[in-house]
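Chain residues, written in single-letter form:
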Amino acid sequence: MTDADVSRAARHVVFAPLRDGGRVEVVARRISEAIGLGLIADGEQLPSELELAGALAVSTVTLREALALLRQRGLVETRRGRGGGSFVRAPVDASVERLRTVLRETGVHELREIGDHLLAVTATAARLAAERASDDQIARLAELIDQLEAAETVGERRRADGLFHIEIAAAAQSARLTRQEIDLQGEIGELLWIPFGEAIERDERVAQHRAVLAAIADGDGDRARRLTEEHVELAISRLIEFHLQLTQSSP
Amino acid sequence: MQEASPYAGEAATTVEALLRETFAGIDALRELAVGVHRDARARGRAPTTADLAAIRPTVLRQLASADMLAGTGVIAAPGTLADRPRWLEWWRRSPSGGGPRPLAVDLDPGNIGSYEYPVAPWFDVPCRTGRRVVVGPYVDYAGTDEYILTFAAPVTSDAGFFGVAAADIRATDIERAMLPMLNAEGPASLLVNASGRVIASNTPATIVGSIVRRDHGERRELTHRENWADCTGLPWFLVRTTA
């Protein structure tokens, strides 16, 4: 398998028309995820703006704004002149490479099994926490969301995210659910935070955590459960999507 | 809001005895740990994990003789020991029986499963305030992973703050010990901690771990304020739900 093969296959997956409205953020995320998942390699040149906009079915204005965002995040650099264009900058360390391999080799069925288990444990814990969390525990949960929002490294994000769910299970006063949540976070946590291929982006995740915590603080168990279910289902469906992209790009 | 009146019945005696006995064991460990800290300082160095192991025979003796102890020991404040950044000289009895074992936990703060004890209330309160503390019931995740209550006191001397001496009791053991007293009080009686969490109850309507509001039933203080003025997390209450 040559790099060119990967690239062609990856483009087929990555640069398919966007169905979700073609907002700048959505375009930027699609490209960023492809870089994070290694579907587009470090140093590789992106197709021309016109070609890319056509493939993604968005306007060139939207595409340019998306590329500007990616430049800001240091994922793309634009060179002027002959041989110029937009190039991917994605220095990859061994741990990211390992995570991509794990995600490629974890089948859809297995991801769904983990997801179903996570759904049962995490959402039930949220419902019970709404009945049983003390004020101290609610304050600790708010602190963990602030930590996630301020986290600089992938490791810190993953930790603050995982601890939020573990702390909810502890606030539910259930040692069994807490133990299972710890195991599940250990199993799936790092896959949810592949750099630039985050299953749920940090800001979106922070907003979802805040909504869950508000429901817990209100003592509204049904709402806490429903919001947590949506949160978990979104993360797992994104992981399955990433897995399928990875398998399609490597024959 | 209804003010809680003190209560002098059998329930108060039972709870007072439990607290006294538990803190007596903790005080013995606290004195030994202060000795370890002072001796090392007198030699112009920081204590080591080997120095702290001097408390071990007392820890094991307490575990063997007390009815309800799930675990006990001394937890060093981060940075106080010469050879380890964080350390617990902590032994526990397994709920399934067998001899006492040292608590094995992940002390690397970078890991998701690590035991972040410096932020745990049973460590943080004595460290920050110098007060004793009663915490729980709570899920001690990444530590014992059990549903427990922790009683803790600061290990402080002229050598400074060294850490915390503490003891764990399983929620299920406290419940078993308190049920006869609750049953004697009548149906729908609850033992409730200072933040309103039920420690034990004899009614399925309001069970261990749930939170009751301040206006829930008739509420009386089980612990005497004058005995526990330096202890955070008290009083505990007896709550009678009136039908």
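Bear in mind the structure is a predicted one, so any value in this text is a computation, not a measurement. (Residues numbered from 1 in each chain as written. Chains lettered and ligands numbered in written order. Predicted model: local features only at pLDDT ≥ 70, side-chain atom pairs only at ≥ 80, totals over all residues.)

Undergrad: Give me the overall build of chain A: which residues, what numbers.
TA: Counting secondary structure elements, chain A contains 11 helices and four strands. Principal-axis analysis of the C-alpha atoms gives chain A an extent of 65 × 35 × 30 Å. Out of the 251 residues belonging to chain A, those deemed buried represent 43%. Partitioning the contacts of chain A with sequence separation of at least 6, the portion at a separation of at least 24 is 74%. (Helix = DSSP H or I, 4+ residues; strand = E, 2+ residues; numbered from the N terminus. Buried ≥ 20, exposed ≤ 12 C-beta atoms within 10 Å, placed from the backbone. Contact = placed C-beta atoms within 7 Å.)

Undergrad: Kindly report on the domain arrangement of chain A, identifying the contributing residues and their values.
TA: Residue and element names in this part refer to chain A. Its domain assignment divides chain A into domain 1 (3-88) and domain 2 (95-249). Between the C-alpha centres of domain 1 and domain 2 the distance comes to 29 Å. Contacts between the two partners involve 13 residues from domain 1 and, on the opposite side, 11 residues from domain 2. Of all the secondary-structure elements, those providing two or more residues to the side of domain 1 that touches domain 2 are α1 (3-14) and α2 (24-36). Of the residues forming the side of domain 1 that touches domain 2, the biggest block, five residues, is contributed by α2. By residue class, the composition of the side of domain 1 that touches domain 2 is eight nonpolar, three polar and two charged. (Domains from an automatic or database assignment. Nonpolar A, V, L, I, M, F, W, Y, C, P; charged D, E, K, R; others polar.)

Undergrad: How would you sum up the confidence of the model for chain A? Please name residues and give values.
TA: Summarising the model, chain A shows a mean pLDDT of 86, and 90% of its residues fall at 70 or more. Segment residues 1-6 of chain A is flagged for pLDDT under 50; beyond a separation of four residues in sequence, or across chains, it makes five contacts in the model. (pLDDT = per-residue confidence, 0-100.)

Undergrad: Tell me about the confidence of the model for chain B, residues and numbers included.
TA: On average, chain B scores 91 in pLDDT, and the residues at 70 or more come to 97%. Complex prediction metrics read pTM 0.81 and ipTM 0.82.

Undergrad: Quick one: what's the story with the interface of chain B and chain A, residue by residue and with numbers?
TA: Counting residues at the interface gives 14 residues for chain B and 18 residues for chain A. Tallied by class, the residues present in the side of chain B that touches chain A amount to six nonpolar, five polar and three charged.

Undergrad: Provide a residue-level description of the nonpolar core, including the pertinent values.
TA: Grouped together as the largest cluster of nonpolar side chains are 141 residues, with contacts concentrated most on Ala129 of chain A together with Ala165 of chain B. Those residues in contact with Ala165 of chain B that sit more than four places away from it in its chain are Ile26, Leu29, Arg30, Ala33, Val74, Ala152, Ala153 and Val155 of chain B. (Core = buried A, V, L, I, M, F, W, Y, C linked by C-beta atoms within 7 Å.)

Undergrad: Hey, could you go over the sheet that holds strand β5 (residues 132-139) of chain B for me, with residue numbers and the actual values?
TA: All names here are of chain B. The seven strands lie next to each other as β4-β3-β2-β7-β6-β5-β11, forming an open sheet whose pairing is mixed. The open sheet has two edge strands with one neighbour each: β4 (101-102) and β11 (231-232). In this sheet, β4 lies alongside strand β3 (residues 87-92) in antiparallel orientation, the contact comprising two bridges. Counted as the bridge partner of Arg92 is Arg101 from β4. (Pairing = 2+ DSSP bridges.)

Undergrad: I'd love a proper account of the domain arrangement of chain B, names of residues and values included.
TA: Residues and elements named next belong to chain B. Splitting chain B by domain gives domain 1 (5-13 + 173-240) and domain 2 (21-169). Counting residues at the interface gives 12 residues for domain 1 and 11 residues for domain 2. Every element with two or more residues in the side of domain 1 that touches domain 2 is listed here: α5 (171-185) and β11. At three residues, α5 tops the list of elements feeding residues into the side of domain 1 that touches domain 2. Here the residues of the side of domain 1 that touches domain 2 sort into six nonpolar, three polar and three charged.

Undergrad: Hey, could you go over the packing of helix α8 (residues 154-171) of chain A against helix α9 (residues 175-188) of chain A for me, with residue numbers and the actual values?
TA: All names here are of chain A. Running from amino to carboxyl end, α8 crosses α9 at an angle of 165 degrees, the nearest separation of the two axes being 8 Å. In terms of orientation, α8 lies roughly antiparallel with respect to α9. Like other packed secondary-structure pairs, α8 and α9 cross with a definite hand, here right-handed. Residues Gly162, His165, Ile166, Ala169 and Ala170 of α8 touch α9, and the partners they reach there are Leu177, Thr178, Glu181, Ile182 and Gln185. Taken together, the residues that form the contact of α8 with α9 break down as five nonpolar, four polar and one charged. (Axes fitted to C-alpha atoms, helices over the stretch in contact; angles between N-to-C directions. Parallel < 35°, antiparallel > 145°, perpendicular 65-115°, else oblique. Left-handed = near helix turned anticlockwise from the far one by under 90°.)

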